[in-house]
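# Survey of secondary and tertiary structure
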There are 2 protein chains.
Amino acid sequence: MENFSICTPTNYVFGRGTECEASRLAAQAGWKRVMIVYGGGSAVRSGLLDRVKDSFTAEGIPTIELGGVKPNPTDDKGYEGIALARMEKVDAILAVGGGSVIDTAKAIACGTLYEGDFWDFYCGKAAVERALPIGVILTIPAAGSEGSGNSVITRIEGLRKLSLRTDTALRPRFACLNPELTFTLPPYQTASGIADMMVHIMERYFTPTEGVEVTDRLCEGLLKAIIAEAPKVMAEPENYDARANIMWSGTIAHNGICGCGRREDWASHFIEHELSALYDVTHGAGLAVITPAWMSYVSKSKPAKVAQFARRVFDIIADGDSEAAKLGVEKLRNFFRSIGLPVTLRELGIANPDIPTLVRKLHENKGPKIGGYIPLTATDTEAIFRESL
Amino acid sequence: MENFSICTPTNYVFGRGTECEASRLAAQAGWKRVMIVYGGGSAVRSGLLDRVKDSFTAEGIPTIELGGVKPNPTDDKGYEGIALARMEKVDAILAVGGGSVIDTAKAIACGTLYEGDFWDFYCGKAAVERALPIGVILTIPAAGSEGSGNSVITRIEGLRKLSLRTDTALRPRFACLNPELTFTLPPYQTASGIADMMVHIMERYFTPTEGVEVTDRLCEGLLKAIIAEAPKVMAEPENYDARANIMWSGTIAHNGICGCGRREDWASHFIEHELSALYDVTHGAGLAVITPAWMSYVSKSKPAKVAQFARRVFDIIADGDSEAAKLGVEKLRNFFRSIGLPVTLRELGIANPDIPTLVRKLHENKGPKIGGYIPLTATDTEAIFRESL
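Let me begin by describing the structure that accompanies this report. Fair warning: this is a prediction, and the values are worked out from it, not measured in the lab. (Residues numbered from 1 in each chain as written. Chains lettered and ligands numbered in written order. Predicted model: local features only at pLDDT ≥ 70, side-chain atom pairs only at ≥ 80, totals over all residues. Heavy atoms only, no water.)

Turning our eyes to something else, we now look at the overall build of chain A. The helix and strand tally for chain A stands at 15 helices and 8 strands. The C-alpha atoms of chain A give 20 Å as radius of gyration, which agrees with the globular expectation for 389 residues (21 Å, within 12%). The principal-axis extents of the C-alpha atoms in chain A amount to approximately 65 × 45 × 45 Å. Scored against the burial criterion, the 389 residues of chain A give a buried share of 64%. Accessible surface computed for chain A: about 13,900 Å², of which carbon and sulfur atoms make up 50%. Treating the 42 positive side-chain charges of chain A as one cloud and the 47 negative ones as another, the clouds have centres 1 Å apart. (Helix = DSSP H or I, 4+ residues; strand = E, 2+ residues; numbered from the N terminus. Rg over C-alpha atoms; globule rule 2.2 N^0.38 Å. Buried < 20%, exposed > 50% of the residue type's maximum accessible area, 1.4 Å probe, protein only. Areas by Shrake-Rupley, 256 points an atom, 1.4 Å probe, with all protein chains shown as cover. Lys, Arg positive; Asp, Glu negative; His and termini not counted. Charge placed at Lys NZ, Arg CZ, Asp CG, Glu CD.)

As structure tokens, then:
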């Protein structure tokens, strides 16, 4: 096990009606003027936004709105939000939505208090030292951004999709998680979220570090829970307990607890980020294509951990590690298919991917080798794209 | 799943050499004058205490010492510490030790800022509103107090052992966890710590709440990891990875993550607290006796969750729930025996327990019914004591 430090100070308030707690938590924290960031129309149409605004008004906290955040959020919305936050002199940000909304709120939170270009944080030119405090009302269980210190933004110029990691600076102060708000999610979005959270666990699970049984077992347990609950939410979108299990899994999958004591991988995410930057596909669906291909590829030279995954998560019985790994990848692909996700680029709607450009941008953004389990060169990543066709 | 909220703001710094981080973390937090609380001589003899004091001196932070905390810590040390903290005007407390030391530090932390008798917090007369900040250097993985907001203290008058639970007021600001500091723990203390952390998980696992698959799977995964690593630390006390897995398991077992979304049980702890209050046995060893007896007793009327435990944690294959539960209890007792723990009161050194007094005090302290999985009356708890003989 390797040395690590972890601090997860987010106050999670989970269950029915908890979106109404946000204003109370904001008042307790002494927030005086709050920007509410949200996405498309669903938060408006469902009445959620009005309910939230009313509850802030009742607490005597004025709110300013910034809507229109899109999936695979882009830097322009960050700049817009930073300008608005400065003009309106807000002292806190409330994200009402899923990962794209929260990640945009984080960009605004650190950018508002920074004199330079907030993109400096994403491309590694500067480290976040301070940020406006953030609260979350989650509507899409997927990205885990409600419990993480991370944010992913795409720069429109050059379509560079980069992620920013902070220890605690960008972790939300509180996150209100009401599973009922996810009852109306379309099936494809529900399924993509499930793939996203599973891969958040797997990126941490596939590690070169030995002797991390406790973190392995936490990862395997979470994956087993998600695999058990996923068919239930797909079949019964209003099954509260199933939605609750999925929602809470998505948070724990990415708040850091699944990575303690080891190097992580993240190759599948880096590869997928190029796909969704270039073709604007849903991130989780892209991962459902890329991750099994990545597993299959790395199994050829290093099957042990993939075999452990197969045996412990999917109860595969097989003698050799290579055979177990192969059956495990097959099971994972079948699982993704069973909840309506694509497992090839063609099924994802990318019939003729520009693999040379994808590979070039990937290594330009992330260096000549990517991933912790096995460091992958451009030859390897090209092979993984080809395996995904 | 039931509504819940959880906030675990403790900054965990884990790995080799991390005891030297405490002074830096204290300086970062702005601490000016720190009381170091510790137990018997081992922290002195090993040189740990001197190392810690030197590192605080190097940061320019004066320290005041309070040693001599005993296992099953008593209220007298709390009063002594509160008087000293006030006289010396300390603004923070560093606990160097295991659960007894940390729990005493917590009593001092809340008692120092309270005008009344700190025992009010433990017997439920008052709620903790503020406390001095606490840091921890952990030397015994067992109680999980380094990551919890709880504290257990025994009042000498009447030997009342009561627990105090807070959401965040008494959670340590930071905890330095160096597995190397546990290499020299005697085998009985190592094994007792393992039983303690396992039962912390099981008290949360045995719940009447349905639909909590994610929390169930986290509990089962942690238990499986502990069961796999325990024989290694018993056989090779200086196996770093095994010690690290056990240490981190002990923290997660009790920081709240294993109880999310459900009612908990805690009957075994309440029963054991009477044993260790009256006979001063090691808490974890007492639990190794009581918990299997409790499981066996509740299985008679409600075997389902015990059977799930047996199947998922110990891989028991059995048709009926009653049979599976029975085999699971047997496996658990065998496991405790295999690491050198007692599983009967006689083996624990209590040949003739005063069961009427134990039962009377238990229900005086905790009410006519105890436990969440099945609420137990005095008739039930008496039967559990008899089953433990």
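The structure having been displayed, the exposition proceeds.
Scanning the entire structure with this criterion turns up 34 aromatic pairs over all chains. When the ring of A:Phe4 is compared with that of B:Trp248, the centres are 5.0 Å apart and the planes differ by 75 degrees; the resulting orientation is edge-to-face. Note that A:Phe4 is positioned in strand β1 (residues 4-14) and B:Trp248 in helix α9 (residues 240-252), a pairing that runs across two chains. Relative accessible area serves as the criterion here: at 11%, A:Phe4 is assigned to the buried category. A relative accessible area of 1% means that B:Trp248 is categorised as buried. Here a set of aromatic residues connected by ring pairs shows up, and it is made of A:Tyr205, A:Phe206, A:Trp294, A:Phe309, A:Phe314 and A:Tyr373. (Phe/Tyr/Trp six-rings, centres within 6.5 Å; stacked < 30°, edge-to-face > 60°.)

With 233 residues, the main nonpolar core has A:Trp248, A:Phe309, B:Trp248 and B:Phe309 as its most contacted residues. The contacts of A:Phe309, once residues within four sequence positions are left out, are A:Met202, A:Tyr205, A:Phe206, A:Leu223, A:Met295, A:Phe314, A:Gly328 and A:Leu332. (Core = buried A, V, L, I, M, F, W, Y, C linked by side-chain atoms within 4.5 Å. Contact = heavy atoms within 4.5 Å.)

Here we come to the packing of helix α8 (residues 213-235) of chain A against helix α8 (residues 213-235) of chain B. Their axes nearest at 8 Å, the elements α8(A) and α8(B) cross at an angle of 150 degrees. With respect to α8(B), the axis of α8(A) lies roughly antiparallel. Two packed elements cross with a definite hand, and for α8(A) against α8(B) that hand is right-handed. The segment α8(A) lies against α8(B), with A:Glu213, A:Val214, A:Arg217, A:Leu218, A:Gly221, A:Leu222, A:Lys224, A:Ala225, A:Ala228 and A:Glu229 engaging B:Glu213, B:Val214, B:Arg217, B:Leu218, B:Gly221, B:Leu222, B:Lys224, B:Ala225, B:Ala228 and B:Glu229. (Axes fitted to C-alpha atoms, helices over the stretch in contact; angles between N-to-C directions. Parallel < 35°, antiparallel > 145°, perpendicular 65-115°, else oblique. Left-handed = near helix turned anticlockwise from the far one by under 90°.)

This part takes up the relation of the copies chain B and chain A. What connects the two chain copies is a rotation about an axis and a shift along it. Superposition of chain B onto chain A requires a rotation of 180 degrees combined with a translation of 0.0 Å along the rotation axis, giving an RMSD of 0.0 Å. The transformation just described matches what one would write down for a two-fold rotation axis. In terms of proximity to the rotation axis, the leading residue of chain B is B:Pro9, whose C-alpha is 1.9 Å off the axis. Interface overlap between copies is the fraction of interface residues in one copy that are interface residues in the other; for chain B against chain A it reaches 100%, indicating a shared surface. (Least-squares fit on C-alpha atoms with pLDDT ≥ 70 in both.)

Here the focus is the environment of B:Ile156. Along the polypeptide, B:Ile156 turns up in the loop between β6 (150-155) and β7 (160-165). In sequence terms B:Ile156 and B:Thr74 are 82 residues apart; their C-alpha atoms lie 6.2 Å from each other.

Spatial relationships are all this shows, so hold off on functional conclusions.
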